[in-house]
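Structure at a glance
In case you want the letters, here they are:
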Amino acid sequence: MATENRNPEIRKDAVNNRLVILSPARSRRPSDFKSKSQSKSDSSPTSNAQPQCPFCAGNEHQCAPEIFRFPEDSTSDWKVRVIENLYPALSRQLQVKSDNEEHRQANGSTGEVSLGGFGFHDVVIESPVHSVHLPDLSPAGIAVVLLAYKKRIEQLCAVGSISYIQVFKNHGASAGASMSHSHSQILALPVIPTTASNRLNAMKEHHNQTGKCSLCNINTHKLLINESTHFSSISPFASTFAFETWIVPRYHSSHYHQLDEDKAIDLGGILKLTLEKLSLQLNDPPYNLMIHTSPLHIVSSELPYTHWYIQIVPQLSTIGGFEMGTGCYINPVFPEDAAKILREVQLPNKD
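Residues numbered from 1 in each chain as written. Predicted model: local features only at pLDDT ≥ 70, side-chain atom pairs only at ≥ 80, totals over all residues. Heavy atoms only, no water.

**Structural notes on the sheet that holds strand S10 (residues 224-227)**
Cut-off, in case you're wondering: In this analysis, strands are considered paired if DSSP registers two or more bridges between them. The way it works is that DSSP assigns letters per residue, a run of H or I at least four long becomes a helix, a run of E at least two long becomes a strand, and they are numbered from the N terminus. To define axes, lines are fitted to C-alpha atoms, for helices over the stretch in contact only, and angles between the resulting N-to-C directions are given on a 0 to 180 degree scale.
With antiparallel pairing, 10 strands are arranged side by side in an open sheet as S3-S4-S7-S9-S8-S13-S14-S12-S11-S10. Two strands lie at the open edges of the sheet, namely strand S3 (66-70) and S10, each paired on one side alone. Averaged over all neighbouring strand pairs, the angle between strand axes comes to 20 degrees, with direction disregarded. Summarising the sheet, S10 and strand S11 (residues 231-234) pair through 3 bridges and their orientation is antiparallel. Residue pairing in the sheet places Asn226 in a bridge with Ser233 of S11.

**Re the UniProt feature "active site" (unreviewed entry) in the protein chain**
The test is simple: UniProt positions are given in the numbering used here, feature names are shortened, and annotations may be inferred rather than shown by experiment. Should any heavy atoms of two residues lie within 4.5 Å, those residues are considered in contact.
The UniProt record annotates "active site" (unreviewed entry) at His183. On the secondary structure map, His183 appears in strand S9 (residues 183-189). When sequence neighbours within four positions are dropped, the list of residues in contact with His183 reads Phe55, Val123, Val124, Ile125, Glu126 and Lys169.

**Observations concerning the UniProt feature "binding site: Zn(2+)" (unreviewed entry) in the protein chain**
Rule in force here: Polar contact is the term for a pair of N or O atoms within 3.5 Å; when the atoms are in protein, one must be able to donate a hydrogen and the other to accept it, and sequence-neighboring residues count only if both atoms are side-chain atoms.
Here the UniProt-annotated "binding site: Zn(2+)" (unreviewed entry) positions come out as Cys53, Cys56, His130 and His181. These annotated residues cover 129 residues of sequence, and their C-alpha atoms all fall within 8.0 Å of one another, placing them together at a single site. Take His181: it is sitting in the loop between strand S8 (164-171) and S9. Apart from the residues lying within four places of it in its own chain, the contact partners of His181 are Cys53, Phe55, Cys56, Ile125, Ser127, Pro128, Val129 and His130. A polar contact of 3.4 Å, which involves the side chain of His181, links it to the side chain of His130.

**Description of the pairing of S11**
The condition is simple: Each residue gets one of three labels from its accessible area relative to the maximum for its type: buried under 20%, exposed over 50%, partly exposed in between, using a 1.4 Å probe on protein chains only.
Judged by which residues are buried, S11 turns out to be covered on both faces: Phe231 and Ser233 on one side and Ser232 and Ile234 on the other are all buried. Between the end of S10 and the start of S11, which pair antiparallel, lie 3 residues. By the bridge criterion, 4 bridges tie S11 to strand S12 (residues 245-249) in an arrangement that is antiparallel. Residue Phe231 lies in a different strand from S12, and its bridge partner there is Pro249.

**Quick look at helix H2 (residues 194-210)**
Definition in use: Helices are assigned an expected span. That span is 1.5 Å times one less than the residue count. Here, the arc refers to the directions that run from the helix axis to the C-beta atoms.
Its 17 residues place the ends of H2 24 Å apart at the C-alpha level, agreeing with the 24 Å of an ideal helix rising 1.5 Å per residue. Those residues of H2 lying buried are Ala196, Arg199, Leu200, Ala202, Met203 and His206. Relative to the axis of H2, the buried residues are bounded by an arc of 165 degrees and lie together on one face. Facing away from the buried side of H2 by more than 90 degrees, the exposed set consists of Thr194, Asn208 and Gln209. On its buried side, H2 packs onto S8, strand S13 (287-292) and strand S14 (309-314). Just downstream of H2 lies Gly211, where phi reads positive at about 75 degrees.

**Details of the pattern of salt bridges**
As a reminder of what qualifies: For this analysis, a salt bridge means a side-chain nitrogen from Lys or Arg found within 4 Å of a carboxyl oxygen belonging to Asp or Glu.
Going through the model one piece at a time under the given rule, you end up with 16 salt bridges. For Asp260, the salt bridge identified is with Lys263, shortest N-O distance 3.6 Å.

**Describing unusual backbone geometry**
Here the amide bond leading from Phe70 into Pro71 is cis, since omega sits at -15 degrees, within 30 degrees of zero. Along the chain, Pro71 falls in the loop between S3 and strand S4 (80-84). One non-glycine residue, Lys222, lies in positive phi territory at about 70 degrees. Considering the arrangement of structural elements, one finds Lys222 in the loop between H2 and S10. On the accessibility criterion, Lys222 (52% relative accessible area) is exposed. Phi angles above zero are rare outside glycine, and Asp284 is one such case at about 50 degrees. Mapped onto the elements, Asp284 comes out in the loop between helix H3 (261-282) and S13. We classify Asp284 as buried; its relative accessible area is 10%.

This is the structure we're talking about:
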């Protein structure tokens, strides 16, 4: 059925327990969607380094302290560096006190709670070369970035007061990137964010009703974009945003940091393919990439229904008052159409 002849639908995202309105009448044909401004317009493809960019090789002294690099014994030939964020959202220097001490200020009459802003905020520099972006790397090169996430998460797991870790990438100024040099960020929190708690509860409810993990049991009919040995890229059934894409492990896994090297290379391949297809089809859009993993300290009974995945959201439109007021988003592109378009994208031969 042609998109423009479809009636609007209200769908429920069983993974995140939220509603979305699919309303194709509000926009143009799905194949006509393009980003209005290219996200890489501020970097030159012929420039290997920029003197004013602290993330470029040779400018390491301009950065906040380094946590580690890959390879570990590298000097100027490093591939990935993990550093502290120069302008962190949380403070790693704050003293963490026990729950019965006065770092927790609660107002019993209003339910208001205030916690000290302890946590970690790190930056992952994905390449020493200013003009190289994540999909420009080989699958093995992307795997180095993915394994840097894993190593840093494992380090943060040793901090007992950390409950949740969010890995994310903002690509392009309108997606929130303050620097054009390709990088991603890691935020470690002493609390579990509401969105993560809601996802956990929704997954539990689905498991209680069906006996199955909602992501292991996901229906990919007409929604599959590509598959690799260990991963699937899909347009989710209740996509919140136009051309939203998930990369889901085909094996059951609760935590991202359980990823091993072979799976990281496989994930690097399908992530590269996905980003290249989105870039070609949508005119190199700004995007946000988020790794949704489970809270660090879940109990064994929660393992059967918790499952990590990657969400990629191209920034093609802005949200309005309805979305802010209800938490229910209006998506002008049916996910089945988005999946078909991305499935059929033919990348140019680079040989």
